[in-house]
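Chains, contacts and geometry: an overview
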Number of protein chains: 2
Amino acid sequence: MPTTTHRIHNFSAGPCTLPLEVLEQVADQFPDYAGEGMSIIEMSHRSKTVAGVFEEAQSLVRELLAVPEDMHVLFLGGGATFQFGMIPMNLLQGGKSADYTHSGAWAKKAIADAKTVGTVNLVFDGTDANFTTLPDPASVRAGDDAVYLHLTSNETIGGLQWKDFPAIDTPIVADMSSDIMSRPIDFEKFGIVYAGAQKNIGPAGCALVLIKQSVVDQCPGDLINYLNYANHVKGQSMANTPPVFQVYLIKLVMEWLKAKGGIAWAKDMADQRSQLLYDAVQRHAGFYTCPVDERYRSTMNVVFTTPSADLDAKFVEEALAHGMSGLKGHRSVGGCRASIYNAMPIEGAKALAGFMDDFAQRNG
Amino acid sequence: MPTTTHRIHNFSAGPCTLPLEVLEQVADQFPDYAGEGMSIIEMSHRSKTVAGVFEEAQSLVRELLAVPEDMHVLFLGGGATFQFGMIPMNLLQGGKSADYTHSGAWAKKAIADAKTVGTVNLVFDGTDANFTTLPDPASVRAGDDAVYLHLTSNETIGGLQWKDFPAIDTPIVADMSSDIMSRPIDFEKFGIVYAGAQKNIGPAGCALVLIKQSVVDQCPGDLINYLNYANHVKGQSMANTPPVFQVYLIKLVMEWLKAKGGIAWAKDMADQRSQLLYDAVQRHAGFYTCPVDERYRSTMNVVFTTPSADLDAKFVEEALAHGMSGLKGHRSVGGCRASIYNAMPIEGAKALAGFMDDFAQRNG
């Protein structure tokens, strides 16, 4: 569909670029949704229309990700940060313990919340390596007492990604906020998978949660209502008034992803986009540096530095002038970062790789 | 501004009707927000643009409601249901107690969550009166041990509204989900005021929370991060990635409300709309019945019944055919309910009152 919408390449880490077709649908469907005489955000969440949107969103997530039958699909307010705490509140109270892998900034937050509730055993700690590498998944063992093993499948800030997962009997609980829907995953190993929507799924303000019934069975009855997974499963994500707009957008993004070719397409494109950028780093190896172990480099967030902080800043500024935004590294680590989620067109990665060449030649 | 948008009168209890001007702005501002080459929901929450939207939303809430200086304004994910639990988790742990008023379906949920955390003393229980009346505010006393006294300023399902508030020294904690921004309130008496956005403020998926610094000072340090008010105050509603779309809409709704004349205008309109409907009930007193004590009838949710459940259903169905939706009473109580929040045009209330006349004449 030809469009005249003014559009720049948005490399933000999340909230981030979304499919233009989806955004145009939103504009088209405001303020009168499907001829009902009101917008989707004015409709009762108990209406047939909104219930249908939720069912469709859930069904598409289930189909695209091949979610096992004994795993529920939930859309919850509060985002992934809320899940950091909700998980231990449901599973670690009463002196229980879990294994955690410390892979960077996001794992750290999950660990901090778990420690306020139960006992945390670190089975991997990347601190000394400055979070540039991960353990061989085959080497990871869970302790006998661990209720679950937690990992962060992709560290958005560090640009570090698990390529495979531990082969253990203990259920894995995974924060997949920044790489869900970007590659096929066998969810049989997982007890809970959660993801803030604002990368590959939709807008900020909602978390996608996949949770096995066997985990739901462990939720204690004496939690406040909103914290209890069992309530949300029973209410089918409508135990309380849910974030309707976010789920509506998730439905549209899932439709878009399915039409494109689903997870296989997403993986192919993620591989292509990230290869373009890592190749550019490699071509100018004396100029750009990617600190991440080659085995665990993320296909979603490519981090790199130039020879100086001043040149990093110049790179970000000049890229913006060339229609590429959001390339500044996270304030905690500096450098540059290109977040290339599902909705980033391959043209965006090509444009950035070309600019990297040009910038290195002019400043190297 | 003349418009050709197909529009019906939406009497839903929430999510509910929003100002058409705001919805048209959303459509206009998608997919390219302010010429930035991306939509508002694709922007980093750390960007100047989104930070500016949050500051403006907060500032407008503060101005419109005359929020005291020592009270923070927060926008949090999870809605009011999450606040039911977050409040006792912050204030009642360690054997503390609070006073609650039981005024109906929403108070009941707040009470249930508080009981899982601390001790609840009911200082008013409307159960025997079937939640059709409230205590004289001047008669309400708080216990010596109560950390706070909780009330539900407007019961959306019961159509019952506190017209004034207890004159006590104990801080009042109030669920104002369904009538905030509809009348001037002296917030000095209140420790926490919370409101799901989806009635008078914006779309579902966000709660507005006003909280005194003296209450924040009581929050324990050993809570999971998302539960701790102190974190959200410190992060200025961005301790985690917030529901950006909701806060953007809240900003637009607040701008609309300010342009209309603010809270004084909102109160005047709420009085006019509700009077039109209560007058219609009164005109056909043998046909329509409003069970609520006249002193406490809500200006936001007008509940009434016809002589039979069959006629109630017929009323709802025929009203829909006349372009008025959402008039079915909550499934827990039956009957009819007209929710008439700030964005309901006076023409909607006039149309409904006219239809009530007509329906009573034809079926009485």
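Residues numbered from 1 in each chain as written. Chains lettered and ligands numbered in written order. Predicted model: local features only at pLDDT ≥ 70, side-chain atom pairs only at ≥ 80, totals over all residues. Heavy atoms only, no water.

With that settled, the discussion passes to the interface of chain B and chain A. On the side of chain A, 60 residues touch chain B, which itself brings 60 residues to the contact. Interface area lost by chain B to chain A is led by Ile41, Glu42 and Ile224 of chain B, which between them contribute 15%. Linking chain B with chain A are 2 salt bridges. A salt bridge links Arg7 of chain A to Glu42 of chain B; the shortest N-O distance between them is 2.7 Å. When residues of the side of chain B that touches chain A are traced back to their parent elements, those giving at least two are helix H1 (20-29), helix H3 (79-91), helix H4 (105-117) and helix H7 (244-260) of chain B. Grouping the amino acids of the side of chain B that touches chain A by side-chain chemistry returns 28 nonpolar, 23 polar and 9 charged. (Contact = heavy atoms within 4.5 Å. Buried area = accessible area lost by both parts, 1.4 Å probe. Salt bridge = Lys/Arg side-chain N within 4 Å of Asp/Glu carboxyl O. Helix = DSSP H or I, 4+ residues; strand = E, 2+ residues; numbered from the N terminus. Nonpolar A, V, L, I, M, F, W, Y, C, P; charged D, E, K, R; others polar.)

Residue and element names in this part refer to chain B. Inspection of the entire model under this criterion finds 18 salt bridges over all chains. One salt bridge in this structure joins Lys267 and Asp271, with 2.7 Å as the shortest N-O distance. Taken as a pair, Lys267 and Asp271 lie in helix H8 (residues 262-283) at a separation of 4 residues, close to a single helical turn. Owing to a relative accessible area of 34%, Lys267 belongs among the partly exposed residues under this scheme. Note that Arg295 and Asp293 form a salt bridge whose closest N and O atoms lie 2.7 Å from each other. (Buried < 20%, exposed > 50% of the residue type's maximum accessible area, 1.4 Å probe, protein only.)

This next bit is on the environment of Cys206 of chain B. All names here are of chain B. Mapped onto the elements, Cys206 comes out in the loop between strand E9 (190-196) and strand E10 (207-212). A relative accessible area of 0% places Cys206 in the buried class. C-alpha separation for the pair Cys206 and Pro242, spaced 36 residues apart in sequence, amounts to 8.9 Å.

Glancing now at a positive patch on the surface. Judged by side-chain charge, Arg46 of chain A together with Lys108, Lys109 and Arg331 of chain B come together as a positively charged surface patch. Here Arg46 of chain A is to be found in the loop between helix H1 (20-29) and helix H2 (48-65). (Patch = residues over 30% accessible without salt bridge, like charges linked within 9 Å, V, L, I, M, F, W, Y side chains within 5 Å. Areas by Shrake-Rupley, 256 points an atom, 1.4 Å probe, with all protein chains shown as cover. Lys, Arg positive; Asp, Glu negative; His and termini not counted. Charge placed at Lys NZ, Arg CZ, Asp CG, Glu CD.)

Looking now at the packing of helix H3 (residues 79-91) of chain A against helix H4 (residues 105-117) of chain A. Packed helix pairs are specified by the crossing angle of their axes together with the interaxial distance, meaning the distance between the axes. All names here are of chain A. Here H3 crosses H4 at 35 degrees, and the two axes come no closer than 8 Å. Judged by the twist between their axes, the crossing of H3 over H4 is right-handed. Contact residues: H3 offers Thr81, Phe84, Gly85, Pro88 and Met89, while H4 offers Trp106, Lys109, Ala110, Asp113, Ala114 and Val117. Each residue belonging to the contact of H3 with H4 can be placed in one class, and the counts come to 7 nonpolar, 2 polar and 2 charged. (Axes fitted to C-alpha atoms, helices over the stretch in contact; angles between N-to-C directions. Left-handed = near helix turned anticlockwise from the far one by under 90°.)

Here we come to the packing of aromatic side chains. This structure, assessed with the given rule, holds 40 aromatic pairs over all chains. Measuring from centroid to centroid gives 5.1 Å for Phe315 of chain A and Phe359 of chain A, while their planes differ by 85 degrees, and the two rings are edge-to-face. Here Phe359 of chain A lies in helix H10 (residues 346-363) and Phe315 of chain A lies in helix H9 (residues 309-321), a separation of 44 residues in the sequence. The exposure class of Phe315 of chain A is buried, given its relative accessible area of 0%. Phe359 of chain A gets classed as buried once you look at its relative accessible area, which sits at 0%. Seen in terms of ring centroids, Phe355 of chain B and Phe359 of chain B are 5.8 Å apart; in terms of plane orientation they differ by 35 degrees. Their pairing is tilted. (Phe/Tyr/Trp six-rings, centres within 6.5 Å; stacked < 30°, edge-to-face > 60°.)

Time to look at the sheet that holds strand E8 (residues 172-175) of chain A. All names here are of chain A. Sheet architecture is open: 7 strands sit in the order E2-E10-E9-E8-E5-E3-E4, paired in mixed fashion. Across the chains shown, the open sheet's two edge strands, defined by having one partner strand only, are strand E2 (71-76) and strand E4 (119-125). Strand-to-strand twist across the sheet, computed as the mean angle between neighbouring axes with direction ignored, equals 20 degrees. Examined bridge by bridge, strand E3 (residues 97-102) and strand E5 (residues 146-152) share 3 bridges and lie parallel to one another. Opposite Asp99, over in E5, you have Leu149 as the bridge partner. Seen against the sheet, H2 touches E2 and strand E10 (207-212) and runs at an angle of roughly 130 degrees to E2. (Pairing = 2+ DSSP bridges.)

Residues and elements named next belong to chain A. With respect to the element layout, His232 can be found in helix H6 (residues 229-234). Accessibility expressed as a relative area gives 1% for His232, which makes it buried. Those residues within four positions of His232 in sequence are excluded, and the remaining contacts are Leu74, Leu76, Met86, Asn225, Tyr226, Ser237, Ala239 and Asn240.

Mapping chain B onto chain A calls for a screw motion: a turn of 180 degrees about the axis and a shift of 0.0 Å along it, with 0.0 Å RMSD after fitting. When the rotation and shift are considered jointly, the pair of chain copies conforms to a two-fold rotation axis. Within chain B, Ala27 of chain B has its C-alpha nearest the rotation axis, a separation of 2.3 Å. In this assembly, 100% of the residues forming the interface of chain B have copies in chain A that are likewise at the interface, indicating an isologous arrangement. (Least-squares fit on C-alpha atoms with pLDDT ≥ 70 in both.)

Glancing now at the domain arrangement of chain A. Residues and elements named next belong to chain A. For chain A, the assigned domains read domain 1 (27-259) and domain 2 (262-363). Measuring from the centre of the C-alpha atoms in domain 1 to the corresponding centre in domain 2 gives 27 Å. The partner domain 2 presents 25 residues to the 28 residues of domain 1 that form the contact. Across the domain 1/domain 2 interface, buried area totals approximately 2100 Å², and carbon plus sulfur atoms make up 60% of it. Taken together, the connections running from domain 1 to domain 2 amount to 0 salt bridges. Linking domain 1 with domain 2 are 14 residue pairs in polar contact (both at pLDDT 80 or more), by the criterion used here. Elements supplying a minimum of two residues to the side of domain 1 that touches domain 2: H2, strand E6 (154-155), strand E7 (160-161) and helix H7 (244-260). Of the residues that constitute the side of domain 1 that touches domain 2, the class distribution is 11 nonpolar, 10 polar and 7 charged. (Domains from an automatic or database assignment. Polar contact = N/O pair within 3.5 Å; in protein donor to acceptor, adjacent residues only side chain to side chain.)

Residues and elements named next belong to chain A. Together, Glu69, Asp70, Asp186 and Glu188 give the surface a local cluster of negative charge. The topology assignment puts Glu69 in the loop between H2 and E2. We classify Glu69 as exposed; its relative accessible area is 82%.

Looking now at helix H2 (residues 48-65) of chain B. All names here are of chain B. For H2, spanning 18 residues, the distance from its first C-alpha to its last is 26 Å, which sits close to the expected 26 Å at 1.5 Å a residue. Within H2, the full set of buried residues consists of Val50, Val53, Phe54, Ala57, Leu60, Val61, Leu64 and Leu65. One side of H2 holds all its buried residues, which, seen down the axis, span an arc of 130 degrees. Summarising the geometry of H2, the exposed residues directed more than 90 degrees from the buried face are Lys48 and Glu55. Considering only its buried residues, H2 is in contact with strand E2 (71-76), E10, H7 and H8. (Expected span 1.5 Å × (residues − 1). Arc of directions from axis to C-beta.)

Turning to the state of the cysteines, a few remarks are in order. Residue and element names in this part refer to chain B. This structure, assessed with the given rule, holds 0 disulfides over all chains. For the unlinked cysteine Cys219, the closest cysteine sulfur is that of Cys206, found at 18 Å. Cys290 forms no disulfide, and the closest cysteine sulfur to it belongs to Cys336, at a distance of 12 Å. The buried category is assigned to Cys290, whose relative accessible area is 10%. (Disulfide = S-S within 2.5 Å.)

Another point: the sheet that holds E9 of chain B. Residues and elements named next belong to chain B. Strand order in the open sheet formed by 7 strands is E2-E10-E9-E8-E5-E3-E4, and the pairing between neighbours is mixed. At either end of the open sheet lies a strand with only one pairing partner, and these are E2 and strand E4 (119-125). Averaged over all pairs of adjacent strands, the angle between their axes in this sheet comes to 20 degrees, without regard to strand direction. The sheet strands contacting H3 are E2, strand E3 (97-102), strand E5 (146-152), strand E8 (172-175), E9 and E10, and the helix crosses E9 at an angle near 155 degrees. Each of E3, E4, E5, E8 and E9 is contacted by H4, which is oriented at about 160 degrees to E3, the strand it contacts most.

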